[in-house]
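A closer look at the structure
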There are 2 protein chains.
Amino acid sequence: MRMLINVPETVVADALRGMAAAHPELTVDVENRVIVRRDAPVADKVALVSGGGSGHEPLHGGFVGPGMLSAACPGEVFTSPVPDQMVRAAAAVDSGKGVLFVVKNYTGDVLNFDMAAELAEDEGIQVAKVLVDDDVAVTDSLYTAGRRGTGATLFVEKIAGAAADAGAPLERVEAIARRVNENSRSLGVALSACTTPAKGSPTFELPSGELELGVGIHGEPGRERRAMMTSREIADFAVDAVLEDLRPRNPVLLLVNGMGATPLLELYGFHAEVQRVLAERNVVVAGVLVGNYVTSLDMAGASVTLCQIDEELLRLWDAPVRTPGLRWGM
Amino acid sequence: MRMLINVPETVVADALRGMAAAHPELTVDVENRVIVRRDAPVADKVALVSGGGSGHEPLHGGFVGPGMLSAACPGEVFTSPVPDQMVRAAAAVDSGKGVLFVVKNYTGDVLNFDMAAELAEDEGIQVAKVLVDDDVAVTDSLYTAGRRGTGATLFVEKIAGAAADAGAPLERVEAIARRVNENSRSLGVALSACTTPAKGSPTFELPSGELELGVGIHGEPGRERRAMMTSREIADFAVDAVLEDLRPRNPVLLLVNGMGATPLLELYGFHAEVQRVLAERNVVVAGVLVGNYVTSLDMAGASVTLCQIDEELLRLWDAPVRTPGLRWGM
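On a predicted model such as this, the values are computed, not experimentally measured, just so you know.

Within chain A, the regular secondary structure consists of 8 helices and 14 strands. At 19 Å, chain A has a C-alpha radius of gyration in line with the 20 Å of a compact globule built from 330 residues. In terms of overall dimensions, chain A has a C-alpha envelope of 55 × 50 × 35 Å along the principal axes. By sequence separation, contacts in chain A at least 24 residues apart represent 71% of the contacts at least 6 residues apart. Accessible surface, chain A as shown: approximately 11200 Å² in total, 49% of it carbon and sulfur. Averaging the locations of the 29 positively and 44 negatively charged side chains of chain A gives two centres separated by 4 Å.

Spelled out as structure tokens, the structure:
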């Protein structure tokens, strides 16, 4: 086992202690596993709360800060957080204007956020929810009814966070989040499996020289397994799979996301191929992000997410953001 | 071979095309392999140029921008850039106030930057050089006479870049860069080897269940190989090795750097252990950075860099910076 850890049981708590020491602008409740903007609640603003299994960092905790999430709830590795975390987060960030839960479409997350919404409403907190389900690889999967939520989560959290920051009411923030998700599609490719601390061995078998097209962010099976392809061929496959489903008429935001162990050198090269395919398909790219944002522990590979935008969404995307994982304009 | 590439021969050029498309604020000369701030030369300011083998991204190209480097020259993977690239970069960024070359201490880089300095001076460009040699693991190494240059490069480039941005003259920027290097020490640990595209197999053999203490950023041998240790034990070893050499009396800047394939979840947990050791040794931490900044392709592992600072260096560290890899305050 090649892991920089103490014991599997304390991986998440250890990481939260390390986050707390690195980011004094966040309040990290290690015991209760809630990461909150230090200045929360922000008066007269809608708050955004997300969360999910750990192992996808910087998602979600790294996206807490002005212009994006108000709080995040990390679960155990690849395991949904519990409702108690979500209620605690909602109570910490609600200014009275309500809270939007951003939920990736995995069975555990959906159930727990549903229960948390009920509990929070019992405490007098107004809650709305948006489900992120952008992954075109498969419908229904190992942990999912319907499509999995992956890279689009970043677009939803950033753009809806900007709307909340601009003072939009809850129903408007929710509608924008929904619009971002409906206009986003992703496809991921694994060149190697990932290893969870608890298991200590790869989550699935992927022989060297093969890749998994359409892999999920927990190593869930994708569409097909093939012999190793070039960066050019992978870009063709991934972009065409996304475009076949999205058919954008407007410009798009592009996320070329590393799964964790793929060097930035390779990721930039892959990005060049993705841009080539998009140009060949006459898709206009209005904004780009290349890096490790929605990861799968030590998996090698990459994913492509497109989000069809309009002027309002682009303005919200460009708005200032200040989080550990995403920062510009302030 | 598990790489997201086309062919090994085009890896660097492909990555540069991808960088160009991702970062319109940079001018990327793919053919000549020079990455330059689009607004260069900046009137009345000293310029900073660095470079080195590719495979350590975001170093150096990802650190080009206001408040840090003026230009970077990427070589082939793990191979020094050539003098022609450095001269071209210097000519592109020199405002007449001179250029500081930031050179990591590897034989090829040192020779080529020396030659480039002579050639640039022949063209009427005033050049100063600073050598970065912070790695306490070994003196003399596979590609080095003396100590290797690793994590401190980030501190030198950021802090000297801020001094240049503030209008300091060349000799002052050089002196500050030298002061940062002299007050910085690093130690790295590998949990797995890395694989270069050209070789296609690991650069060294590291059996599962063992680690290399004091590894270089090209996989050069370190001080010793041991059976797998916990995050806590590795932090004790790394921090004590650095402190034994640095013996800081002032507060320090801390870089907990991922080698490339270590998940952020593990890196934050390791950071918590590094902070624990520093507290036990009564070292005050004035600033922290946790992430993948000076990488070694797909190597798993981490390095610790400390830089002893004073008020001036801390002010320069905190000054605004806007690059693809490091950004705050603007």
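All names here are of chain B. In space, the 6 strands of this open sheet follow the order β9-β8-β7-β12-β10-β11, with mixed pairing throughout. Among the strands making up the open sheet, the edge pair consists of β9 (224–227) and β11 (285–291). Each neighbouring strand pair of the sheet contributes to a mean axis angle of 15°, computed without reference to strand direction. Where strand β7 (residues 184–190) and strand β8 (residues 210–213) come together, 2 bridges link them in antiparallel fashion. Within β8, the position partnered with Ala190 by the bridge is Glu212. Lying on the sheet, helix α5 (residues 170–182) is in contact with β7 and β12 (301–308); it crosses β7 at an angle near 50°.

Bringing unusual backbone geometry into the picture now. Residues and elements named next belong to chain B. Cis peptide bonds are those with omega within 30 degrees of zero, and the linkage from Ala40 to Pro41 qualifies with -5°. Mapping Pro41 onto the fold places it in the loop between β2 (34–37) and β3 (47–54). One non-glycine residue, Leu297, lies in the positive phi region at around 50°. Secondary-structure assignment places Leu297 in the loop between β11 and β12.

Feature annotation in UniProt assigns "domain: DhaK" (unreviewed entry) to the following positions: residues 7–328 of chain A. Measuring from the first to the last C-alpha atom of residues 7–328 of chain A gives 36 Å, for a span that is 33% helix and 24% strand.

Now for the domain arrangement of chain A. Residues and elements named next belong to chain A. Taken domain by domain, chain A holds domain 1 (11–182) and domain 2 (184–317). Taking only C-alpha atoms into account, the centre of domain 1 sits 22 Å from that of domain 2. Listed by partner, the interface residues are 37 residues for domain 1 and 36 residues for domain 2. Summing both sides of the interface, domain 1 and domain 2 together bury roughly 3100 Å²; the carbon and sulfur share of this comes to 65%. Considering only the surface of domain 1 that becomes buried against domain 2, Phe78, Val136 and Phe155 emerge as the three largest contributors, covering 21% of it.

Let's shift gears to helix α1 (residues 11–22) of chain A. Here α1 of chain A contains 12 residues, and its C-alpha end-to-end distance of 16 Å stays within 8% of the 16 Å for a straight helix at 1.5 Å per residue. Buried within α1 of chain A we find Val11, Val12, Asp14, Ala15, Leu16, Gly18, Met19 and Ala22 of chain A. Buried residues belonging to α1 of chain A abut β1 (26–29), β2 (34–37), β3 (47–54) and β4 (71–77) of chain A together with α7 (264–280) and β11 of chain B.

The next point concerns the interface of chain A and chain B. In this complex, chain A contributes 54 residues to the contact, which on the side of chain B involves 54 residues. Across the chain A to chain B interface the summed buried area is about 4400 Å²; carbon plus sulfur atoms make up 63%. When the buried area of chain A at its contact with chain B is split by residue, Arg2, Leu4 and Leu265 of chain A rank highest and sum to 21% of it. A salt bridge links Arg17 of chain A to Glu273 of chain B; its shortest N-O distance comes to 3.5 Å. Mapped by element, the contributors of at least two residues to the side of chain A that touches chain B are α1, α6 (231–246), α7 (264–280), β11 (285–291) and β14 (327–328) of chain A. Of the residues forming the side of chain A that touches chain B, the biggest block, 10 residues, is contributed by α7 of chain A. Classifying every residue of the side of chain A that touches chain B by side-chain character gives 30 nonpolar, 15 polar and 9 charged.

Once that is clear, we can look at α5 of chain B. Residue and element names in this part refer to chain B. In a regular helix each residue adds 1.5 Å, so 13 residues correspond to 18 Å; α5 covers 18 Å between its end C-alpha atoms and thus fits that length. Of all the positions in α5, only Leu170, Val173, Ile176, Ala177, Val180 and Asn181 are classed as buried. The buried residues of α5 occupy an angular sector of 135° when the element is viewed end-on, so they sit on one face. Among the exposed residues of α5, those oriented more than 90 degrees off its buried face are Glu171 and Glu182.

Below, the discussion takes up the packing of helix α2 (residues 83–93) of chain B against helix α3 (residues 107–122) of chain B. Residue and element names in this part refer to chain B. Between α2 and α3, the shortest axis-to-axis distance is 8 Å and the interhelical angle comes to 45°. Between α2 and α3, the interaxial angle falls into the category oblique. The interaxial crossing formed by α2 with α3 has right-handed handedness. Touching Pro83, Met86 and Val87 of α2 are Asn112, Phe113, Met115, Ala116, Leu119 and Ala120, all from α3. Here the contact of α2 with α3 is built from residues that sort into 8 nonpolar, 1 polar and no charged.

Residue and element names in this part refer to chain B. Across the sheet, 6 strands lie side by side as β1-β2-β4-β3-β5-β6; this open sheet has mixed pairing. The strands lining the two open edges of the sheet, one partner per strand, are β1 (26–29) and β6 (127–132). In this sheet, adjacent strand axes meet at a mean angle of 20° when their direction is disregarded. Taken together, the 2 bridges between β2 and strand β4 (residues 71–77) define a ladder with antiparallel strand orientation. Residue pairing in the sheet places Ile35 in a bridge with Ala72 of β4. Strands in contact with α5 are β3, β5 (99–104) and β6; relative to β6, the strand with the most contacts, it is inclined by about 5°.

With an RMSD of 0.0 Å, the fit of chain A onto chain B corresponds to turning through 180° and sliding 0.0 Å along the axis. Between the two chains, the operation in question is that of a two-fold axis. If distances are taken from each C-alpha of chain A to the rotation axis, the shortest is found for Ala261 of chain A, at 2.0 Å. A shared interface surface links the copies, since 100% of the contact residues of chain A are contact residues in chain B too.

Quick look at the nonpolar core now. Among the nonpolar cores identified, the biggest contains 204 residues, and Leu100 of chain A together with Leu100 of chain B are the most heavily contacted of them. Leave out the neighbours within four places in its chain, and Leu100 of chain B touches Ala47, Leu48, Val49, Ala128, Lys129, Val130, Ala160, Leu170, Val173, Glu174 and Ala177 of chain B.

With that settled, consider the pattern of salt bridges. Inspection of every chain in the model, using the stated rule, returns 42 salt bridges over all chains. Across the salt bridge formed by Asp114 of chain A and Lys129 of chain A, the nearest N and O atoms sit 2.6 Å from each other. Placement of Asp114 of chain A in helix α3 (residues 107–122) and of Lys129 of chain A in strand β6 (residues 127–132) is noted, with a sequence separation of 15 residues between them. For Arg276 of chain B, the salt bridge is made with Glu280 of chain B, and the minimal N-O distance between the two is 3.0 Å. Of this pair, Arg276 of chain B and Glu280 of chain B both sit in helix α7, separated by 4 residues, roughly a single helical turn. The buried category is assigned to Arg276 of chain B, whose relative accessible area is 15%. Overall, the relative accessible area of 44% leaves Glu280 of chain B in the partly exposed class. Via salt bridges that share partners, Asp14 and Arg17 of chain A together with Arg232, Asp236, Asp240, Glu273, Arg276, Glu280 and Arg281 of chain B belong to a single interconnected network.

Thresholds applied
- Residues numbered from 1 in each chain as written.
- Chains lettered and ligands numbered in written order.
- Predicted model: local features only at pLDDT ≥ 70, side-chain atom pairs only at ≥ 80, totals over all residues.
- Heavy atoms only, no water.
- Helix = DSSP H or I, 4+ residues; strand = E, 2+ residues; numbered from the N terminus.
- Rg over C-alpha atoms; globule rule 2.2 N^0.38 Å.
- Contact = heavy atoms within 4.5 Å.
- Areas by Shrake-Rupley, 256 points an atom, 1.4 Å probe, with all protein chains shown as cover.
- Lys, Arg positive; Asp, Glu negative; His and termini not counted.
- Charge placed at Lys NZ, Arg CZ, Asp CG, Glu CD.
- Pairing = 2+ DSSP bridges.
- Axes fitted to C-alpha atoms, helices over the stretch in contact; angles between N-to-C directions.
- UniProt positions renumbered as here; feature names shortened; annotations may be inferred.
- Domains from an automatic or database assignment.
- Buried area = accessible area lost by both parts, 1.4 Å probe.
- Expected span 1.5 Å × (residues − 1).
- Buried < 20%, exposed > 50% of the residue type's maximum accessible area, 1.4 Å probe, protein only.
- Salt bridge = Lys/Arg side-chain N within 4 Å of Asp/Glu carboxyl O.
- Nonpolar A, V, L, I, M, F, W, Y, C, P; charged D, E, K, R; others polar.
- Arc of directions from axis to C-beta.
- Parallel < 35°, antiparallel > 145°, perpendicular 65-115°, else oblique.
- Left-handed = near helix turned anticlockwise from the far one by under 90°.
- Least-squares fit on C-alpha atoms with pLDDT ≥ 70 in both.
- Core = buried A, V, L, I, M, F, W, Y, C linked by side-chain atoms within 4.5 Å.

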